[in-house]
Protein chains: 2
Amino acid sequence: MIKLSDVAKRAGVSSMTVSRVINHPDKVSADTILRVQKAMEELQYVSNGPAKSLALGQTRILALLVPDITNPFFTTVARGAEDVARDAGYRLILCNTDENPQVEWNYLQMSRSRQVDGMIVSVCDDNSAAHLKVLPIDKVPVVLVDRKIPSEPYLDYVVGDNVLASEQLIDYLITKGHTRLGFVFGNPAVSVIRDRMAGVQRSLKRHDLIWRPDLCLTQARSPGDYRLITDDWIPRHHVTAIFAWNNLTAAHVYHLLVSHGYRVPDDVLVSCFDNPDPLSITNGFIPFVRQPAYDMGRNATIQLLERIAGSGRQGVVHQILVSQLVDRTLTPTTRIAEHR
Amino acid sequence: MIKLSDVAKRAGVSSMTVSRVINHPDKVSADTILRVQKAMEELQYVSNGPAKSLALGQTRILALLVPDITNPFFTTVARGAEDVARDAGYRLILCNTDENPQVEWNYLQMSRSRQVDGMIVSVCDDNSAAHLKVLPIDKVPVVLVDRKIPSEPYLDYVVGDNVLASEQLIDYLITKGHTRLGFVFGNPAVSVIRDRMAGVQRSLKRHDLIWRPDLCLTQARSPGDYRLITDDWIPRHHVTAIFAWNNLTAAHVYHLLVSHGYRVPDDVLVSCFDNPDPLSITNGFIPFVRQPAYDMGRNATIQLLERIAGSGRQGVVHQILVSQLVDRTLTPTTRIAEHR
DNA sequence: CTGTTAGCGCATTCAC
DNA sequence: GTGAATGCGCTAACAG
């Protein structure tokens, strides 16, 4: 591997001069710059990252940790983060924690070990608090995105308006005549789950409908766990609409319903957060809450960069971004989106 | 930041002993190990990555470069790569080049600058050859995935059987009675595009159908470019089926058709490579070629690890993985998939 | 089994 | 404007 001294030798200068040409060209005479640049070109010089990072104490790399890289929601967040990072002269790397705290912990070490300058993290669940707690010790900048952790209020975050949006979605379903509602939630140790549940309950209460735990599925993992829907909810309790906490879950529910001969949305309506059909292949028969994923990534990264620079707001920054209800089954002129 | 010497001081040993406890515990006495581990625990020690990498000459990090992180095909490749990397004790980081050679070049530097031990790359296009050419100079291991580069036959790659699969897909469409076919391809500087075109032409020739350049769209970028389909192909040339080179393109075509009042697949059939509906929300009215994305990621990473270890096959390794034709509109018993 | 020495490649600080 | 010395934190090689 070509190093600084190799370039220096060829250009007939010291290593220091080469270093200056790279970092402080204004402090080097014009013709030596040319000589050095020529040598670098000929030798195809690339600096040694670890050496540079060790000397400088920074990498100009940011990491984005997401729990599920296959979920289009998170790849959109990534795009937002990436665009900001690039414009600021940083590289962005993506790490998939796969909803696995062990893996998450492993990737989090990358920040403590100074392999990245900061991290944007969508945590697995609240238990990640134990891991994140140690980061401030080393003054490692972190910004949470999408999922916050109530027990760690000193952490910056950028999230969606989960409570409000789910409340509005349920309002909407009720308005359309659905009073027998079924719910599919995930791990309640995840903030978005709890917030969306809270929103649901608020809406129900306002409409004098009772919250029925027996019509709520949590922690459903295997396809078999969903059977309650077709075995019990629909035949026995006449559920006409199901709210799934996210796009992937909605897809599961949808499949189950169709495979049991139900028509969606005519027999049973399905709705959720995040676009269950990112390529928009369907006619959009699943009303959903569109979260500003791209902006979440953008804003979180801007915030992270401010933390790294030490500039910007002093106190803790909590951003809550507004979502939008989308129902493509409506005609364009009556679309919910336009009403807001 | 806590460093090795801090731990050493607290444990009453030298830095070297602490280093040994971490890297070669078998060469340290049992009780000193305990003392050191206690000190590390109390001080929350984490090694300095850049320093370690500089001393060791390796990072145990692999990078996967993909042109479009929002395409489910690539995230599936990523999952495959990730699982192999993790099992081998490596971290995998994802980098999105956004089909931009500039950005790609930037990320490629990470390998030359020794910030990662190797790279799995799905190149933007053949022009990336100029960038990849320099990697062997620094003996940086690289394996191409999905997209190969004919001009660089010395590079390992793992790709799909694009020629054969597209030939079979067209065979299938013709068998179903479609003889008026329209095609949407992308940048012909990408190997998969050329290979899929070749397969198409082979099939047409075998069925005594002529290849009509006027019924082929290449380099279509903006939505407006697609208008030829509804303005010309269908009304004037009675095209009844359209082959799109990938899932995202198929989605564009689908939207266009629907917005112009055509029914898919009854009026016009659409087919493509890669699942255009990864969450399977639709009834699958778009027949597509399912590439073994996960295995592509797996195999490419296994190959990369072998290169890094210096073990494994000596010569260049070219893997071509078999794809599968999927048409969900068929009843289960007659599905193409089952026929193979 | 443990400590000392030296070097990984680069950049900051101080001389010239 | 340029060069020489020093240190970033860690580990491999050698002593003891």
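Note that the coordinates shown come from a computational prediction; the quantities given were computed from them, not determined experimentally.

All names here are of chain B. Looking at where Thr249 falls in the secondary structure, it is placed in helix α11 (residues 247–259). When its relative accessible area of 7% is taken as the criterion, Thr249 is described as buried. Side chain to side chain, Thr249 and Asn246 meet in a polar contact 2.6 Å long. Setting aside its immediate chain neighbours within four residues, Thr249 contacts Val184, Tyr226 and Ala244.

All names here are of chain A. Looking at the assigned domains, one finds that chain A contains domain 1 (4–43), domain 2 (55–160 + 294–324) and domain 3 (162–273). Here the C-alpha centre of domain 3 lies 30 Å away from the C-alpha centre of domain 2. If you look at the interface, domain 2 gives 12 residues, while domain 3 gives 13 residues. Summing the contributions of domain 2 and of domain 3, the shared interface buries around 950 Å²; its carbon and sulfur component is 44%. The interface formed by domain 2 and domain 3 contains two salt bridges.

Using the criterion set out here, one finds seven cavities of 30 Å³ or more in the structure. Put simply, the largest cavity is a space of about 160 Å³. Forming the walls of the largest cavity are 18 residues, and the residues nearest its centre are A:Ile61, A:Gln115, B:Thr59, B:Ile61 and B:Gln115. Broken down by secondary-structure element, the contributors of at least two residues to the lining of the largest cavity are α4 (49–56) of chain A together with α4 (49–56) of chain B. Per-class residue counts for the lining of the largest cavity are nine nonpolar, eight polar and one charged.

Okay, the packing of aromatic side chains next. Under the counting rule described, the total for this entry stands at 14 aromatic pairs over all chains. Seen in terms of ring centroids, A:Phe185 and A:Phe243 are 5.7 Å apart; in terms of plane orientation they differ by 55°. Their pairing is tilted. Here A:Phe243 lies in strand β8 (residues 241–244) and A:Phe185 lies in the loop between β6 (181–184) and α9 (191–206), a separation of 58 residues in the sequence. Take A:Phe185 and A:Phe243: they sit in the same class, and that class is buried. Ring geometry for B:Phe243 versus B:Phe273: centroids 6.1 Å apart, planes at 90°, classification edge-to-face.

Residue and element names in this part refer to chain A. Interhelical geometry of helix α5 (residues 72–87) versus helix α12 (residues 293–309) gives an angle of 40° and a closest axis separation of 7 Å. Overall, the two elements α5 and α12 adopt an arrangement that is oblique. Between α5 and α12 the crossing geometry is right-handed. Counting all contacts with α5, which are made through Phe73, Thr76, Val77, Arg79, Gly80, Ala81, Asp83, Val84 and Ala85, the residues of α12 involved are Ala293, Tyr294, Met296, Gly297, Arg298, Thr301, Ile302 and Leu305. Here the contact of α5 with α12 is built from residues that sort into 10 nonpolar, four polar and three charged.

Basis of the calculations
Residues numbered from 1 in each chain as written. Chains lettered and ligands numbered in written order. Predicted model: local features only at pLDDT ≥ 70, side-chain atom pairs only at ≥ 80, totals over all residues. Heavy atoms only, no water. Helix = DSSP H or I, 4+ residues; strand = E, 2+ residues; numbered from the N terminus. Buried < 20%, exposed > 50% of the residue type's maximum accessible area, 1.4 Å probe, protein only. Polar contact = N/O pair within 3.5 Å; in protein donor to acceptor, adjacent residues only side chain to side chain. Contact = heavy atoms within 4.5 Å. Domains from an automatic or database assignment. Buried area = accessible area lost by both parts, 1.4 Å probe. Salt bridge = Lys/Arg side-chain N within 4 Å of Asp/Glu carboxyl O. 1 Å grid on protein atoms, 1.4 Å probe; cavity = no way out; pocket = protein on both sides within 12 Å on 5 of 7 lines; lining within 4 Å. Points joined across faces, edges and corners; volume = space filled by probe spheres on them. Nonpolar A, V, L, I, M, F, W, Y, C, P; charged D, E, K, R; others polar. Phe/Tyr/Trp six-rings, centres within 6.5 Å; stacked < 30°, edge-to-face > 60°. Axes fitted to C-alpha atoms, helices over the stretch in contact; angles between N-to-C directions. Parallel < 35°, antiparallel > 145°, perpendicular 65-115°, else oblique. Left-handed = near helix turned anticlockwise from the far one by under 90°.

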